[in-house]
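Observations on chain architecture
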Amino acid sequence: MAARIRLSRGGAKKRPYYYVVVAHGASPRDGRYIEQIGTFNPMLPKDSPDRVKLIEDRCKHWLSVGAQPTDRVQRLFDGAGLLKRDARNNPEKAKPKKKAQERAAAKAKAAEDAAAAAAGGDAS
């Protein structure tokens with residue numbers, strides 16, 4: 001089973017606190033893990049030095065033996081300078097879906113018809 005570097009949630013309700021852990025891919029999010037290699041506290045300001053704490057030599061070790069980090073952990077590692085993460089770009093995701101496009105087309109047609117009726121009523 002492949003090892004994953006991921007976040008394990010702790011903390012109270014609406015007060016998240018995450019542990020950066022190395023776990024087997026099949027183990028549950030907050031379940032058994034192999035090793036804890038850091039912490040992440042999203043409640044602190046982004047410029048706080050206590051927001052992300054990593055044991056860098058252990059992080060490098062697990063990356064070298066093939067553990068796959070999740071996207072959020074890749075972001076944390078990129079901020080710490082351990083790993084280079086390429087920015088994702090999906091312009092298709094921001095486009096309206098099929099039903100929204102149909103509603104927009106119907107609204108545009110109704111506005112066009114209203115404009116034509118107003119122009120026709122003024123010409124009389």
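Here the structure is shown first, and the text comes after it.
On a predicted model such as this, the values are computed, not experimentally measured, just so you know.

Spatially, five strands are ordered S4-S3-S2-S1-S5 in an open sheet, and the strand pairing comes out mixed. Looking along the sheet, the strands with just one partner apiece sit at the ends: strand S4 (52-54) and strand S5 (68-69). Both strand S3 (residues 35-40) and S4 contribute to a ladder of three bridges, which runs antiparallel. Within S4, the position partnered with threonine 39 by the bridge is lysine 53. Seen against the sheet, helix H1 (residues 56-64) touches strand S1 (3-12), strand S2 (15-24), S3, S4 and S5 and runs at an angle of roughly 120° to S3. In this fold helix H2 (residues 71-80) packs onto S1, S2, S3, S4 and S5, with an angle of close to 95° to the strand it touches most, S1.

Counting 15 residues, the largest nonpolar core has Ile5, Val20, Ile37 and Phe77 as the members making the most contacts within it. Taken together, the elements giving at least two residues each to this core come down to S1, S2, S3, H1 and H2. Contacts of isoleucine 5, omitting those with residues within four sequence positions, involve Val20, Val21, Val22, Ile37, Trp62, Leu63, Ala67, Gln68, Pro69, Thr70, Val73 and Phe77.

A separate point is the pattern of salt bridges. The final tally for this structure, using the stated rule, is eight salt bridges. The partner of arginine 85 in a salt bridge is aspartate 71, and the shortest N-O contact between them spans 3.2 Å. One end of the pair, arginine 85, is in the loop between H2 and helix H3 (98-123); the other, aspartate 71, is in helix H2, with 14 residues separating them in the sequence. On the basis of relative accessibility, which here comes to 27%, the residue aspartate 71 falls in the partly exposed class. Sharing partners across several salt bridges, the network here consists of Asp71, Arg75, Arg85 and Arg88.

Looking now at unusual backbone geometry. Residues other than glycine seldom take positive phi values, yet lysine 14 does so here, at roughly 65°. Tracing the backbone through its elements, the reader meets lysine 14 in the loop between S1 and S2. Judged by relative accessible area, which is 67%, lysine 14 ranks as exposed.

Reading the values: rules and limits
Residues numbered from 1 in each chain as written. Predicted model: local features only at pLDDT ≥ 70, side-chain atom pairs only at ≥ 80, totals over all residues. Heavy atoms only, no water. Pairing = 2+ DSSP bridges. Helix = DSSP H or I, 4+ residues; strand = E, 2+ residues; numbered from the N terminus. Contact = heavy atoms within 4.5 Å. Axes fitted to C-alpha atoms, helices over the stretch in contact; angles between N-to-C directions. Core = buried A, V, L, I, M, F, W, Y, C linked by side-chain atoms within 4.5 Å. Buried < 20%, exposed > 50% of the residue type's maximum accessible area, 1.4 Å probe, protein only. Salt bridge = Lys/Arg side-chain N within 4 Å of Asp/Glu carboxyl O.

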